[in-house]
Amino acid sequence: MQKRNTEITVGMFVAAGIVAIFVLAMKVSNFTDFTDDAGYEVVAEFGNIGGLKVRSPVTMAGVRVGRVSNISLDGSTYNAKVTLSLYSQFNTLPTDTSASIFTAGLLGEQYIALEAGAEEEFLKNGDVLHLTQPALVLEQVIGQFLFSKAEGE
Amino acid sequence: MIDFIRSLGRWGLDTLQRLGSGHLFLWYMVKGIPEVLLRFSLVIQQLQSVGVRSVMIILVSGLFVGMVLGLQGYNTLVDFGAEESLGVLVSLSLVRELGPVVSALLFAGRAGSALTAEIGLMKSTEQLSGMEMMAVDPIRRIIAPRFVAGIISMPLLAAIFSAVGIFGGFIVGYGLLGVDDGAFWSQMQVKTDWYDDVLNGVIKSIVFGVVVTWIALFEGYDASPTSEGVGRATTRTVVHSAFAILGLDFVLTALMFGEI
C-alpha cells in the first residue's frame, strides 16, 4: 500500500512537471510558430535596416506572414541582405511585391511590411524582392527636419 | 614563514585531493546509472523524497516570486506606458533566470541538505560499510538512485516554478493592476522563444540538478563520520551548491544568451 501511494504521488509529480513544460511551450512561448512547415524564403536588400533583428515579424496588411530568418551584409553593394522566411500558405505573393521596414509604435520593435504588386507570377523560394524601402532612422528624420526648418528661416 | 607556505601547500593538496575524489565519485555514480535504470523502483522511492516533497516549497515560492515580479515590473513599466509588456518581463525573467536558479537554490536547501544528512548518517552509523561487507556496492545501491532522482526532479521543479510564477504575475497584473490580459499573453508569446528561452532554461535546470545532487551526495559520502562532521557537511552542501549554481548560471547565461 505504501509503495502504491509512493508511485501515485511520484506519477502526479512527474505529470505536473510535464504539464508545466507543456504550458510553457504552448501558452508562454512561440512554440506554435515552429510547428508550421518551413515555407519558402525570399531575399530583400535594404539600404538601412535600423533595428531589425532575426525573427522579427514579416507582415502583409498587418497579418503576420513570416519572419526574418537571416541578416547579412552584401560585400559588394554594402546593403543589408535580409532573408525572409514566409509561411507556405501565403504562396500567392506577386513577384513585384515591395518590402518596407516599419516601426511598431514610436519606440516599438521594427518589422517588415510587404505590399503586393500587380504581377501575374508568384514569388518562389530564393527569389529577390527588388522594391524595398529602408528603415526610417529617427535621428536622421529629426536632423532633416531641423535642417529644413533652419533653411526656411 | 615556512609554516605559512606549508599550510598553503597542505590546503592546496587537500583541495586537489577532494576535487579528485569528487570527480571519481561522479564517475562511479555515472557508471552506476544503467544498472539503476533497470531497477527503477529505487529511483521512484527517491523521487518521492527528493522531488515530490519539494513541490510545495516550489509552488509557494514560485507564486510569490511571480507576483512580486508583476508588481515591481508594473511600477517600472507604467512610467513608459508599456505596462502591456509585463507579460514579457515576467515570462523572460522567470523562464531564463529565476525559474532555474531560484528553484535550484531551494532544491539545494530542501533536498540537497536532506540527502547529505541522510548519506552522512548512513556513513557514521556504518550502514555503508555494512553494505560493502555484504558485497553490495553502496554507490550503486544508495547513491546512484538518488543522483538519477535529483537529475529528473530538478527540471520538472523548475518548470513548475516558472509556470506558477507566470500565473502569479498574471494574477497581479490582470487582477490587481488591470493590465489587459490579451496583450499580456500575446506579447509574452511573441517575445518568448521556445528554443532560446524555454529550452535553454530547461538545460540550465538539468545542469543545476546534476551539480546540486552531485555536491550533496559527495559531501554526505565524504563527511567525517561524527555528528559534527555530518552537520558541517550539510552546511557545506548548501553553501557550495549556492556558489556552484550562481557561478554556473553566469557561465551558462554567457554561453546561451550573451553574444560572445
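Throughout, residues of each chain are indexed from 1 in the direction in which the sequence is written. Naming scheme: in the order in which they are written, chains are lettered from A and ligands are numbered from 1. Restriction of local features to residues with pLDDT of at least 70 applies here, the model being predicted, together with a cutoff of 80 or more for giving and counting side-chain atom pairs; totals for whole chains, interfaces and linings are based on all residues. Side-chain numbers here rest on the full set of heavy atoms in the structure, without hydrogens or water.

## Examining the overall build of chain A
The helix and strand labels rest on DSSP assignments: H or I over at least four residues marks a helix, E over at least two residues marks a strand, and numbering proceeds from the N terminus. Helices and strands together make up the secondary structure of chain A, namely three helices and eight strands. For chain A, the N- to C-terminal ordering of α and β elements is α-α-β-β-β-β-β-β-β-β-α. Its C-alpha radius of gyration of 23 Å places chain A more than 25% over the 15 Å reference for a compact globule of 153 residues. Per-residue accessibility, obtained with a 1.4 Å probe over protein chains only, is compared with the maximum for each type, and a residue is labelled buried under 20%, exposed over 50%, and partly exposed between these values. Considering chain A as a whole, with its 153 residues, one finds that 31% of them fall into the buried category. For chain A, restricting intrachain contacts to residue pairs at least 6 apart in sequence, the fraction spanning at least 24 positions comes to 63%. Surface accessibility of chain A: about 9,200 Å² in total, with carbon and sulfur atoms responsible for 59%. Averaging the positions of the 10 positive and the 17 negative side-chain charges in chain A gives two centres separated by 17 Å. To get the radius of gyration, use the C-alpha atoms; to get the globule rule, take the number of residues to the power 0.38 and multiply by 2.2 Å. Here a residue-residue contact requires only that any non-hydrogen atoms of the pair lie within 4.5 Å. Note on areas: Shrake-Rupley, 1.4 Å probe, and residue coverage restricted to the protein chains presented here. Neither His nor the chain ends contribute to the count of charged residues, in which Lys and Arg are positive and Asp and Glu negative. Each charge is placed at NZ for Lys, CZ for Arg, CG for Asp and CD for Glu.

## Topic: the pattern of salt bridges
Residues and elements named next belong to chain B. The salt bridge criterion pairs a side-chain nitrogen of Lys or Arg with a carboxyl oxygen of Asp or Glu, the two atoms within 4 Å. The final tally for this structure, using the stated rule, is 10 salt bridges over all chains. One salt bridge in this structure joins Glu219 and Arg18, with 2.9 Å as the shortest N-O distance. Here the residue Glu219 occupies a position in helix 8 (residues 194–222), and Arg18 occupies one in helix 1 (residues 2–38), the gap between them amounting to 201 residues. Between Lys204 and Asp249 there is a salt bridge, with the nearest N and O atoms lying 3.0 Å from each other. One end of the pair, Lys204, is in helix 8; the other, Asp249, is in helix 9 (residues 227–256), and 45 residues separate them in sequence. Residue class for Asp249 comes out buried when judged on its relative accessible area of 9%. Residues joined by salt bridges that share partners form a network here, namely Arg18, Glu219, Asp222 and Arg236.

## Quick notes on the environment of B:Arg141
Residue and element names in this part refer to chain B. Here Arg141 lies in helix 6 (residues 138–176). Taking relative accessible area as the criterion, Arg141 reaches 32% and is therefore assigned partly exposed. Measuring from C-alpha to C-alpha, the distance between Arg141 and Ile203 comes to 27 Å, with 62 residues separating the pair along the chain. With sequence-adjacent residues up to four places away left out, Arg141 is seen in contact with Arg39, Leu42, Met131 and Val136.

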